[in-house]
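# Architecture and fold: a report
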Amino acid sequence: MSKTKEQLAKALVETGYVADEGLATALLLTEMLNRPLLLEGEAGVGKTEVAKALAKLEGADLIRLQCYEGLDRSDAIYEWNYQRQLLAIKAREGSDDDAETVEEAVFSEKYLLERPLLAAIRQITPPVLLIDEVDRADEEFEAFLLEILSDYQVSIPELGTVEATSIPRVILTSNGTRELSDALRRRCLYHYVDYPSADREARILLSRVPGLDTALALQIAELMGKLRKEDLTKVPGVAETIDWAAALVGLGAKNLPESRELVYDTLVCVLKTREDQARVTQEVTDRLLGKVA
Amino acid sequence: MTAAPIDTRDDIGTALRLRLTGFVHSLRDSGFKVGLAETNDALALLCSPLSKRSHSLKSAFRALFCGRLSDWKKFDELFDAYWSGKGVKTGIKVSGTSSKKSMKTIRELMDAQGTRQDTIAGDVERQPGEEDEETGDKPSGRREGASIAETLGSVDFRHLHDPEAVAKAHELAERLARSMRVRLTRRDRQKRKGPRLDLRRTIRHSISHGGTPIELIRKGPRERQLRLVVLLDASGSMNNYTAVFTRFVHGILDNFREAEAFLFHTRLVHVSSALSERDAARALDRMGLMAQGIGGGTKIGEALADFNRWHAARVIHSRTCVMILSDGYDTGAPDALADEMARLRRRCKRIVWLNPLIGWEGYEPTAGGMQAALPHVDLFAPAHNLDSLAALEPYLARL
């Protein structure tokens, strides 16, 4: 079944993710061209959420691989269960089995520990594979990844090559802490996730925060847009906006300019460093509120 | 769900194919990394329903062809320029020549150095007893063979006039950077011992004990590689050194796996991407284009503020050494510089300040900026000749 991008965008909204048009196209292409999608953008713009929403939409499993420095084959692809293998060898010591039988038994599926990447290509229904913050992993790891993402197979020396039973939808995210290799970039489709426009952010809030009315959502979104333009050390992301909106709703705010004190007090949801809190004083808040009203 | 199979490629006329390859070529000219597989996929897209409207085709092509944020930003312009003839195509080419001829480029500086043209350098230049020194220190550049490295090693870069000697010094600077990397990584790999048991290797070693794992092999967290962030002062007062330092930095970038380079004078420019070009001459050309206006005044404080604000979070981690190559002559306020240095100090592991003036006889760091910055600097070292650059290596290896 083939969808148009409008249908896809609409279906995404139903799962709680408000995608812009470019992202909907990119997601459509991952399926059409069987390529992974690389999402880049500032922290907190909802890159990871894309994968979650996609999994929900397709009714597929989400397999997540969180990358970190030093991540290697045994943590990402597969590992032998050494403890069980040792036990099995010990247990057979008294028996008459010859070495070859033992070896065959010990290096069988039973003793193989699947890690996310191997698990992803061995599912019967194609899952969504999220490789989160790929820029945190080392360059060597990027090379493995390239092999898996282009051929969708894993070679295990003792077992042979494991072919993909189904090809997962792959989404990679990166915060840009390290430059990714051109080879990986070329392999992937690319989408830059920016902070949402006020309009889109308001729609995100409405779909995520129960009990929020449209006027307030728009005000919050606009205020966030202004706040992001201030000189902040850590620019707040969409997750922060959602927290903040929930806080405001919980505390019974109806109209932002009328509840200045409340707005100022709840900024702790949004500003996460000491410098930023010192910088956004009551006066600054008032000035920003003045623009929103 | 699977997409409708696309095998109607033959339906596409030759004219459209040619247009598409033309587009791919123009993307490549603009620095996009686009391969054959991408062109093929683009062809498939042209056959799909997405191509019915130019808007949806644009966003589809954008997802396919872009690989990084810079591509993403210029794609719309390129797409419109090519497919609807709007805008000027040539304006976007990366490999062009500088439009502002009055600005100095790094290449010009390099050439100028050989023939000793003190132009803008005069503003803060002071060279005590230069004439006498010159005769004494003059590199016997004509001497051939291995000894040339030795003689060049101790010669102040500003006393290199002979183009041959200059070229040699540049090459040595780059080679030096190269050798640093090799030694640093080797040291790193041998240090893997730690709390976790490495079962794979333990089993391997148990073979000699009849399968009983007596000898336990351990593994620990891998050491993070040292990352070098170089901030290179390219102001007028550094004229004599900019060229050779640029080569040194190019060597570092080419060889350290994790390195970033910034160039500053009155503003800060991120030049890593330009310097990642393998060929030194081309790299310098590209960098020269990015860093228009070098050879002017210096605002170290402002440049550092810029760095802290926009780049530090991205390029600095706990094992980062920041290397500042500057003479410390600053036209900005010393207080601002001190503040920014303090901020930088909190983020990174070490700050190394290389000052070519230290090599001068009787130099004292009295300049206001230098005074303000010194308390935050871990290593304040000379960098006026190749020997002083080489002396850095043991320090970096210990980090």
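Residues numbered from 1 in each chain as written. Chains lettered and ligands numbered in written order. Predicted model: local features only at pLDDT ≥ 70, side-chain atom pairs only at ≥ 80, totals over all residues.

## Comments concerning the overall build of chain B
- When helices and strands are counted, chain B shows 17 helices and 8 strands.
- The 399 residues of chain B split such that 37% are buried.
- Sequence separation of 24 or more characterises 72% of the internal contacts of chain B that already satisfy a separation of 6 or more. (Helix = DSSP H or I, 4+ residues; strand = E, 2+ residues; numbered from the N terminus. Buried ≥ 20, exposed ≤ 12 C-beta atoms within 10 Å, placed from the backbone. Contact = placed C-beta atoms within 7 Å.)

## Details of the overall build of chain A
- Counting its secondary structure elements, chain A contains 15 helices and 9 strands.
- For chain A, with 293 residues in total, the buried portion stands at 35%.
- Of all intrachain contacts in chain A linking residues separated by at least 6 positions in sequence, the fraction that spans at least 24 positions is 77%.

## So, the interface of chain B and chain A
- Counting from both sides, the interface comprises 28 residues of chain B and, opposite them, 26 residues of chain A.
- Of all the secondary-structure elements, those providing two or more residues to the side of chain B that touches chain A are α2 (36-47), α3 (54-65), α4 (69-83) and α9 (199-206) of chain B.
- Broken down by element, the residue count for the side of chain B that touches chain A peaks at 6 residues, all from α3(B).
- Partitioned by chemical class, the residues of the side of chain B that touches chain A number 13 nonpolar, 6 polar and 9 charged. (Nonpolar A, V, L, I, M, F, W, Y, C, P; charged D, E, K, R; others polar.)

## Things to note about α2(B)
- Counted at 1.5 Å a residue, the expected span for α2(B) with its 12 residues is 16 Å, and the 17 Å between its end C-alpha atoms agrees.
- Looking only at α2(B), the buried set comprises B:Glu38, B:Asp41, B:Ala42, B:Ala44, B:Leu45 and B:Leu46.
- The elements touched by buried residues of α2(B) are α2 (21-33) of chain A together with α1 (14-29) and α3 of chain B. (Expected span 1.5 Å × (residues − 1).)

## A few points about the pairing of strand β7 (residues 350-355) of chain B
All names here are of chain B.
- With 5 of 6 residues buried, β7 is to be regarded as a mostly interior element.
- Note on the crossover from strand β6 (residues 320-325) through helix α14 (residues 334-347) to β7: the handedness is right-handed.
- Pairing between β7 and strand β8 (residues 379-382): 4 bridges, direction parallel. Considered in β8, the bridge of Trp353 is made with Phe380.
- Regarding topology, helix α15 (residues 368-373) serves as the crossover connection from β7 to the parallel β8, and that connection is right-handed. (Right-handed = clockwise from strand over helix to strand, strands pointing away. Pairing = 2+ DSSP bridges.)

## A short note on the nonpolar core
- A:Leu29, A:Ile171, A:Leu189, A:Leu205, A:Ile220, A:Ala245 and B:Leu64 are the most contacted members of the largest nonpolar core, which totals 94 residues.
- Looking at this core, the element that brings in the most residues is α2(A), giving 8 residues.
- Leave out the neighbours within four places in its chain, and B:Leu64 touches A:Leu29, A:Leu189, B:Glu38, B:Asp41, B:Ala42 and B:Leu45.
- By size, the runner-up hydrophobic cluster in this structure holds 60 residues, among which are B:Val244, B:Val269, B:Cys321 and B:Leu386. (Core = buried A, V, L, I, M, F, W, Y, C linked by C-beta atoms within 7 Å.)

## Thoughts on the sheet that holds strand β4 (residues 259-264) of chain B
Residue and element names in this part refer to chain B.
- Read across the sheet, 6 strands follow the order β5-β4-β3-β6-β7-β8 without closing on themselves; strand pairing throughout is mixed. Two strands in the sheet have a free side with no partner beyond their single neighbour: β5 (268-270) and β8. Neighbour to neighbour, the strand axes of the sheet diverge by 20° on average, direction disregarded.
- Lying over the sheet, helix α10 (residues 239-255) contacts β3 (227-233), β4 and β6, oriented at roughly 160° with respect to β3. (Axes fitted to C-alpha atoms, helices over the stretch in contact; angles between N-to-C directions.)

## Thoughts on α1(B)
- Along its 16 residues, α1(B) runs 22 Å from first to last C-alpha, staying within 8% of the 22 Å computed at 1.5 Å per residue.
- Immediately downstream of α1(B), the backbone of B:Gly31 shows phi near 90°, a positive value.

## With respect to the sheet that holds strand β1 (residues 37-40) of chain A
Residues and elements named next belong to chain A.
- Spatially, β2-β5-β8-β1-β9 is the arrangement adopted by the 5 strands of the open sheet, whose pairing is parallel. Sheet topology places β2 (62-66) and β9 (189-192) at the edges, where each strand pairs with a single neighbour. Averaged over all adjacent pairs, the angle separating strand axes in this sheet is 20°, with direction ignored.
- Relative to β9, β1 is paired through 4 bridges, and the arrangement is parallel. Across the sheet, the residue bridging to Leu37 is Leu189, located in β9.
- Here α2 sits on the sheet and contacts β1, β8 (169-174) and β9; the angle it forms with β9, its principal contact strand, is near 160°.
- Packed onto the sheet, helix α3 (residues 47-58) meets β1, β2, β5 (128-132) and β8 and runs at close to 170° relative to β5.

## What to know about the pairing of β8(A)
Residues and elements named next belong to chain A.
- Taking burial as the measure, the 6 residues of β8 include 6 buried ones, the bulk of the element.
- Alternating positions in β8 separate into two faces, Arg169, Ile171 and Thr173 on one and Val170, Leu172 and Ser174 on the other, with burial throughout.
- Direction of pairing for β1 relative to β8: parallel, over a ladder of 4 bridges. When the sheet's bridge partners are listed, Leu39 is paired in β8 with Thr173.

## A closer look at the packing of helix α5 (residues 82-91) of chain A against helix α6 (residues 99-106) of chain A
Residue and element names in this part refer to chain A.
- Relative orientation of the contacting elements α5 and α6 amounts to 150°, with a least axis distance of 10 Å. One element, α5, and the other, α6, form an angle in the roughly antiparallel class. Between α5 and α6 lies a crossing whose hand is right-handed. Contacts from Gln85, Ala88 and Ile89 in α5 reach Val102, Ala105 and Val106 in α6. (Parallel < 35°, antiparallel > 145°, perpendicular 65-115°, else oblique. Left-handed = near helix turned anticlockwise from the far one by under 90°.)

## Description of the packing of α3(B) against α4(B)
Residue and element names in this part refer to chain B.
- Across the interface, α3 lies against α4 with an axial gap of 10 Å and an inter-helix angle of 130°. As the angle between them shows, α3 and α4 are arranged oblique. As for how α3 packs across α4, the hand of that crossing is right-handed. Here α3 contributes Ser54, Lys58, Phe61, Arg62 and Phe65 to the contact with α4, which in turn contributes Trp72, Phe75, Phe79 and Trp83.

## Focus on unusual backbone geometry
Residues and elements named next belong to chain A.
- Backbone geometry at Glu133 places phi at a positive 55°, although glycine is not the residue there.
- Mapped onto the elements of the fold, Glu133 is located in the loop between β5 and α8 (139-151).
- Despite not being glycine, Tyr152 shows a phi value in the positive range, around 50°.
- Among the residues examined, Tyr152 registers 18 C-beta atoms within 10 Å and is labelled partly exposed.

## Here we look at the environment of A:Glu58
- Position of A:Glu58 relative to the elements: it lies in helix α3.
- Between the C-alpha atom of A:Glu58 and that of A:Pro127, which follows or precedes it by 69 residues, the distance is 8.7 Å.

## Observations concerning the confidence of the model for chain B
Residues and elements named next belong to chain B.
- Of all residues in chain B, 69% have pLDDT values of 70 or greater, and the mean over the chain is 72.
- Ignoring residues within four places in sequence, the model shows residues 88-105, a span with pLDDT below 50, making 21 contacts including any to other chains.
- Low confidence marks residues 187-192, where pLDDT is under 50. Its contacts with residues over four positions away, or in another chain, come to 7 contacts.
- For this predicted complex, the interface confidence score (ipTM) comes to 0.76, while the overall pTM stands at 0.65. (pLDDT = per-residue confidence, 0-100.)

## Looking at the environment of B:Glu258
All names here are of chain B.
- Relative to the helices and strands, Glu258 is located in the loop between α10 and β4.
- You can call Glu258 partly exposed: it has 18 C-beta atoms within 10 Å.
- With 57 residues separating them in the primary sequence, Glu258 and Val315 have C-alpha atoms 9.3 Å apart.

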